[in-house]
Each structure stands twice: as C-alpha cells, then as structure tokens.
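Results of the structural survey
Listed here are the chains, written in short residue letters.
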Amino acid sequence: MGETLAFHPAFVRDIEHRPKLEPIDTVDEVPTIDLSVSESRSIEQLVSEIASACEKWGSFQVINHGVPVELIVRLAKAAKLFFDQTVEEKRKVKRDSETGLGFYDGENTENVRDWKEVFDFLVQDRAWTPASHEPDDTKLRVLSNQWPQYPPWFRETCEEYARELELLAHNLLGLICLSLGLPCAEGLRGYFQDEKMSTVRLNHYPPCPSPDLVLGIDPHKDPGALTILAQDDVGGLQVKRKSDGEWIPVKPIPNAYIVNIGEIIQVWSNDKYESVEHRAVVNSEKERFSFPFCFLPAHHMMVKPWEELVNEQNPPKYREYNWGKYFCMRKRSHFKEQEVEDIQVHRFRLPV
C-alpha cells in the first residue's frame, strides 16, 4: 500500500463540524436498465425506462453497455498501482489552479472537504477554457494532460477507456433525446466535438478512521450533461431521492455504470429531467475506487432550454448562459486563493 493521505490541517478542523451520517434502510433503489435491444425488448421499451428513471431519480444504472469488461479491469489495476505509490511520487504530476489536471490530495488548500485523492485527465489531450469567469474577458487558456511514468501503460489505458466512455455517452444522450420526444441527438454532436472539455477522474478513497464524521465527496450536482460512473464492489455512492429527500445507496452491480443527469440536461429539458444531487460515504476498513466520466461540451457553447420543449404553456425556465464561463467559476471556487461563490445552475433561472 502507498502512504497515508497527507491532508491539510484544515481538514481536521472541518470534520469536527460534519453531521453524523444516518444509514438508510430502504428497498427503493435506483433503477437498473438493460441497454440491449432484442425481439423481446424493443427500443420503445428501453426509451420508456430511460424516461421514467430520468424523471423520477435523475440517475440510473446500465448493463450491457458495450464497454469491454477487460478494459474496466485494466483501468482499475492502473489506478491501484498509481495510487499505491508514495505521496511524493504522485505529486510529481500534481494539479493546481492553473493546470487543473493531474493528481490532487488536498495539499495547499484551506478548502479541504473530501476524504479522497484523485487523478484527472481530459478525453482529448488538451482543451481550451476561458482565462477567467469575468463576462468581458475573451482570453482563453489551454489545459493539457500530464501523465505519470508509472505504471508505464497508464496513459494508454486511460486514453482507450476515455474513447469507449465517450461513445457510450453519445449513445445515452441519443436515448435521452428520444425519451423527451426529440427525433435524435445529431444536432447536439457539435457541442461535444472540437474543443470539448470532457474529463475522466480516478477516485481513490482510503479507509477512514472516522467515517461517521466525513464524506468521500460532499453533496453536489454535476454541472455537465452526463456523468457516467464505474464504482467497485465496496460501494459508497448515494443519491438524494426526489420524493422525500432521503439519501439512497446505489448498490454496486458488477460491470454496471451509474448514469447521473447533469445540470446541462436539466436546462436543456427545461426542468423535465432534474440533475441529481449525490454524495459518497467512506468506511474504516476498505479502500474504494470509482471512475467518473464527465460529458462536457466545448467552452464556447451556449446552454438554454431546447426550443422544441418550450411553448406558451411551458415557457423557458432558464436564461441562456455560456458553458465555459460557468465551468470556470465552478472550478475557481475549489481553490483557496479564489474568492468566488460556488454557483449552481439556479443562478440562471428566470422569474416565474
């Protein structure tokens, strides 16, 4: 095993104010959807199941998704080998407020909230984002991946995995469009082609001595279109049930993916499909790994409700916003030197 996570002293102060987490005993589970279509299972049935899951939960699991199992296993092995290295070795590819990509364990920030260490990389090797969140600032900056030397096949595995997840994301987006009564997602492909900002994160949650006082990740909603998450058999992801606000564990299913609706689809669908709030819990005995793929458009794309879904009876609920500026403001608030509010999409909601 690698060294214990070296969290900033502020983390210790932070956990003293954490509420204890109460276990949820429930038989109501996030739905699992089989993406295969056959003579006994029509595309209409699949789309209907997608619609129900998106509307009721904003989250669902998928099986028969087409991503090779051996690739998932290889990525898990690569993540294990990387995170088992010493902290000093991992920090050779550490991220900061400028790079935004690579290894991160909470060092040098007062805003330590989560019991985990991560490695982030772009689906394409570099991407452009706004240089600042200021509306009148038109300058761009380039984000580039940085790769560790060990294991030697780490980069190759990550890049192959990212390509497979991108294909799955396009397929899921097409099904979601059909579930909303839209003919296809072809018109949306331009959002995710050149200069796309899609990322993959490798999460490592070490055993925690006080799991009732901390979280693996705080409650939040994802700002992108979709998040597609692989989690190991330890489990820990919880989603907030919309009917009553209870936190419901997402049961690990071998080789399944968890799909979370993000804020972009919430706006596109004009609140028909609400982004799901979720969090991760930790335990004192087992380490945990999870691998979220975040489906994000190009920085210059504008986001607003789809015209096909609005009318006099259902007027637009959001004003148009620039995705890159929104993303930039969300990211900047994660670093102590940036005095920026951690905004949510409700900032763009129109008055009733």
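With an unreviewed UniProt entry as reference, the chain is termed Flavonol synthase/flavanone 3-hydroxylase-like, source organism Momordica charantia. A UniProt comment under Sequence similarities (unreviewed entry) is attached to the chain, and it reads "Belongs to the iron/ascorbate-dependent oxidoreductase family."

What follows concerns the pattern of salt bridges. Scanning the entire structure with this criterion turns up 18 salt bridges. The partner of Asp120 in a salt bridge is Arg95, and the shortest N-O contact between them spans 2.9 Å. Here the residue Asp120 occupies a position in strand β4 (residues 117–122), and Arg95 occupies one in the loop between α4 (87–90) and β3 (102–104), the gap between them amounting to 25 residues. Notably, a salt bridge pairs Glu166 with Lys196, separated by 2.6 Å at the nearest N-O pair. Taken as a pair, Glu166 in helix α5 (residues 154–179) and Lys196 in the loop between α5 and β7 (199–205) lie far apart in primary sequence, 30 residues in all. Relative accessible area serves as the criterion here: at 12%, Lys196 is assigned to the buried category. Each of Lys80, Asp84 and Glu287 takes part in salt bridges that share partners, so that together they form one network.

So, on to the sheet that holds strand β10 (residues 237–240). On the basis of which strands lie adjacent, the open sheet formed by four strands has the order β8-β13-β10-β11 and antiparallel pairing. Strands with a single pairing partner mark the edges of an open sheet, and in this sheet they are β8 (217–220) and β11 (247–249). Put simply, the sheet's adjacent strands are angled 25° from each other on average, direction ignored. Inspection of the sheet shows β10 paired to β11 by three bridges, in the antiparallel sense. Counted as the bridge partner of Val239 is Ile248 from β11.

On to the nonpolar core. In this structure, Phe119, Tyr161, Leu202, Tyr257 and Trp268 are the most contacted members of the largest nonpolar core, which totals 77 residues. For this core, the element with the most residues is α5, which contributes twelve residues. Residue contacts for Phe119: discarding those within four places in its chain leaves Phe82, Phe83, Val93, Gly102, Phe103, Gln146, Trp147, Pro148, Phe154, Val200, Arg201 and Leu202. Counting residues in hydrophobic clusters, the runner-up holds nine residues, among them Val30, Trp57, Ile248 and Val276.

We now examine the packing of helix α2 (residues 43–56) against α5. Direction vectors running N to C along α2 and α5 enclose 85°, while the axes themselves pass 9 Å from each other. Taken as axis vectors, α2 and α5 run roughly perpendicular relative to one another. Touching Ile43, Leu46, Val47, Ile50, Ala51 and Cys54 of α2 are Leu175, Ile176, Leu178 and Ser179, all from α5. A per-class count over the contact of α2 with α5 returns nine nonpolar, one polar and no charged.

Before going further, it helps to examine the packing of aromatic side chains. Evaluation of the coordinates by the stated rule reveals 19 aromatic pairs. Plain terms: the ring middles of Trp323 and Phe327 are 5.4 Å apart, the flat faces sit at 45° to each other, and that makes the pair tilted. Of the two residues, Trp323 and Phe327 are both situated in helix α7 (residues 323–332); the distance of four residues between them amounts to about one turn of the helix. Note on Phe327: relative accessible area 14%, which makes it buried. An aromatic cluster of three or more residues is present, and its members are Phe82, Phe83, Phe103, Phe119, Phe121, Trp147, Phe154 and Phe289. The ring centre of Tyr104 lies 3.8 Å from the NZ or CZ of Arg95, which sits over that ring.

This part takes up the confidence of the model for the chain. The share of residues in the chain with pLDDT of 70 or more is 84%, and the mean pLDDT across the chain is 85. Note that pLDDT drops below 50 for residues 1–26; the model gives that stretch 59 contacts with residues more than four away or on any other chain. In this model residues 335–341 is a low-confidence stretch, pLDDT under 50, and it forms 16 contacts with partners more than four residues away in sequence or in other chains.

Strands sit in the order β1-β2-β12-β9-β14-β7-β4-β3 across an open sheet of eight strands; the sheet is mixed. Of all the strands in the sheet, the pair left with one neighbour each is β1 (32–34) and β3. Across the sheet, the mean angle separating the axes of adjacent strands is 25° when strand polarity is ignored. Here strand β2 (residues 59–63) pairs with strand β12 (residues 257–261) via four bridges, running antiparallel. Along β12, the bridge assignment pairs Val62 with Tyr257. The sheet contacts of α2 involve β1, β2 and β12, and relative to β1 the element is tilted by about 160°.

The topology assignment puts Gln231 in strand β9 (residues 226–231). A distance of 2.9 Å separates polar atoms of two side chains, one belonging to Gln231 and the other to Arg288. The residues touching Gln231, leaving out its near neighbours within four places in the chain, are Gly236, Leu237, Val250, Lys251, Pro252, Ile258, Arg288, Phe289 and Ser290.

Conventions adopted
- Residues numbered from 1 in each chain as written.
- Predicted model: local features only at pLDDT ≥ 70, side-chain atom pairs only at ≥ 80, totals over all residues.
- Heavy atoms only, no water.
- UniProt positions renumbered as here; feature names shortened; annotations may be inferred.
- Salt bridge = Lys/Arg side-chain N within 4 Å of Asp/Glu carboxyl O.
- Helix = DSSP H or I, 4+ residues; strand = E, 2+ residues; numbered from the N terminus.
- Buried < 20%, exposed > 50% of the residue type's maximum accessible area, 1.4 Å probe, protein only.
- Pairing = 2+ DSSP bridges.
- Axes fitted to C-alpha atoms, helices over the stretch in contact; angles between N-to-C directions.
- Core = buried A, V, L, I, M, F, W, Y, C linked by side-chain atoms within 4.5 Å.
- Contact = heavy atoms within 4.5 Å.
- Parallel < 35°, antiparallel > 145°, perpendicular 65-115°, else oblique.
- Nonpolar A, V, L, I, M, F, W, Y, C, P; charged D, E, K, R; others polar.
- Phe/Tyr/Trp six-rings, centres within 6.5 Å; stacked < 30°, edge-to-face > 60°.
- Lys NZ or Arg CZ within 6 Å of the ring centre and 35° of its normal.
- pLDDT = per-residue confidence, 0-100.
- Polar contact = N/O pair within 3.5 Å; in protein donor to acceptor, adjacent residues only side chain to side chain.

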